[in-house]
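Tertiary structure, described
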Amino acid sequence: MQTRSKFCNFVSSYFGSLIFNLGAFALPALYSTLSKLWIANIDSSQVVTTDIYTYIGVIVQVLNDGFPRSAWLVIGDKSARSVTSRLSLSYTIIVVQTVLGTVMTGIFLAASNSLAAAFMPVEVRQTSLKYVRISSIAALSSALETAVSCCTRALDHPDVPLFISSTKFIVNIILDLLILSKVHPGSFQPTVNTQAWIRVACDMSSALCGLGYFLHLTFKLQRSQPGTQRVKPSVEALKTLIRPSSYTFAVCYSQRYLSLVGQ
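Residues numbered from 1 in each chain as written. Predicted model: local features only at pLDDT ≥ 70, side-chain atom pairs only at ≥ 80, totals over all residues. Heavy atoms only, no water.

- Annotation of the protein in UniProt includes, under Subcellular location (unreviewed entry), the sentence "Cell membrane". (UniProt positions renumbered as here; feature names shortened; annotations may be inferred.)

1. Remarks on the overall build of the protein
- Broken down by element type, the protein carries 11 helices and 0 strands.
- In the protein, the order of α-helices and β-strands from amino to carboxyl end is α-α-α-α-α-α-α-α-α-α-α.
- Split into buried and exposed, the 263 residues of the protein put 43% on the buried side.
- Nonlocal contacts in the protein, meaning residues at least 24 apart in sequence, comprise 80% of its contacts between residues at least 6 apart.
- Split by element, the accessible area of the protein, about 13800 Å² in all, is 66% carbon and sulfur. (Helix = DSSP H or I, 4+ residues; strand = E, 2+ residues; numbered from the N terminus. Buried < 20%, exposed > 50% of the residue type's maximum accessible area, 1.4 Å probe, protein only. Contact = heavy atoms within 4.5 Å. Areas by Shrake-Rupley, 256 points an atom, 1.4 Å probe, with all protein chains shown as cover.)

2. Details of the confidence of the model for the protein
- When the pLDDT values of the protein are averaged, the result is 78; 75% of them are 70 or greater.
- Ranking the elements of the protein by mean pLDDT puts helix 1 (residues 2-12) last with 51 and helix 5 (residues 83-110) first with 91. (pLDDT = per-residue confidence, 0-100.)

3. Section: the UniProt feature "transmembrane region" (unreviewed entry) in the protein
- Per the UniProt record, "transmembrane region" (unreviewed entry) is found at residues 7-32, 52-75 and 87-111.
- The annotated region residues 52-75 carries 88% helix and 0% strand content, and the separation between its end C-alpha atoms amounts to 33 Å.
- Taken end to end, residues 87-111 comprises 96% helix and 0% strand; its first and last C-alpha atoms sit 36 Å apart.

4. So, the pattern of salt bridges
- Under the counting rule described, the total for this entry stands at 4 salt bridges.
- Lysine 168 serves as the salt-bridge partner of glutamate 145, at 2.9 Å between the closest nitrogen and oxygen. With glutamate 145 in helix 8 (residues 138-154) and lysine 168 in helix 9 (residues 159-180), this pair connects stretches of sequence that are 23 residues apart.
- Residue class for lysine 168 comes out buried when judged on its relative accessible area of 8%.
- A salt bridge links lysine 239 to glutamate 236, with the shortest nitrogen-to-oxygen separation between them at 3.8 Å. With lysine 239 and glutamate 236 both in helix 11 (residues 235-262) and 3 residues apart, the pair spans about one turn of that helix. (Salt bridge = Lys/Arg side-chain N within 4 Å of Asp/Glu carboxyl O.)

5. Here's the deal with the packing of aromatic side chains
- Summed over the entire model, instances satisfying the criterion amount to 2 aromatic pairs.
- Between phenylalanine 163 and tyrosine 213, the ring centres sit 5.0 Å apart and the planes meet at 80°, which makes this aromatic pair edge-to-face. With phenylalanine 163 in helix 9 and tyrosine 213 in helix 10 (residues 192-223), the pair connects residues that are 50 residues apart, well separated along the chain.
- With relative accessibility at 32%, the residue phenylalanine 163 sits in the partly exposed group.
- Judged by relative accessible area, which is 24%, tyrosine 213 ranks as partly exposed. (Phe/Tyr/Trp six-rings, centres within 6.5 Å; stacked < 30°, edge-to-face > 60°.)

6. Focus on helix 9
- The terminal C-alpha atoms of helix 9, which comprises 22 residues, lie 30 Å apart, in line with the 32 Å expected from a rise of 1.5 Å per residue.
- Inspection of helix 9 places Asp159, Val160, Pro161, Leu162, Ile164, Ser165, Thr167, Lys168, Asn172, Asp176 and Leu180 among the buried residues, and these make up the whole buried set. (Expected span 1.5 Å × (residues − 1).)

Here it is as structure tokens:
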């Protein structure tokens, strides 16, 4: 109990939060670099194919600039909101983002030919079409992961985003060694699309593990508050989030647009 108390105090401190957040941001960058290295090992001419994952991520980031960004302002306001209210807002953000991410995945799948034509060089356009379709699932995993990460940070738990990044990194290493590496068991030959499925598996497993960790934390928070009503997403919480989310979306979208114009 004393060890856990020290851990919680460390997480809530500025230095502890800084360490956890740096780890959460650094691991995905290393994870992305490793993916390119494995692709180069399979077929160096297909390395450019992995860029579609980046492009999909940039498009989905516009979606993530809405409700998740408002978590800092609304959910993080613990002086004016009860634990029940903050948790209800968190659940609402996660549910809405999951629905929007699913819709975006459907749009990407339907427009896979257009995406390949817009972002892929002519030489690899046809061969990368399946890779584009597989990578479309990144819209759902990214929306869910971003929602959970932002909500848990606003609830003073930066260890959850680090847990998500660590899970993704560990699963990636294990699957790459078992399936993509030169010493993988079996005689099958992995392809670029194999790497895409591995990436999807890493993204979804880490997002779902993060969601499970979030639910575990929220149940503990509810038990620590005697008389707390059952927390669930609500229309009222959605109405509370719409106004600040529209502001964060407008500001972030304007910044992205101006940066593109400047280039």
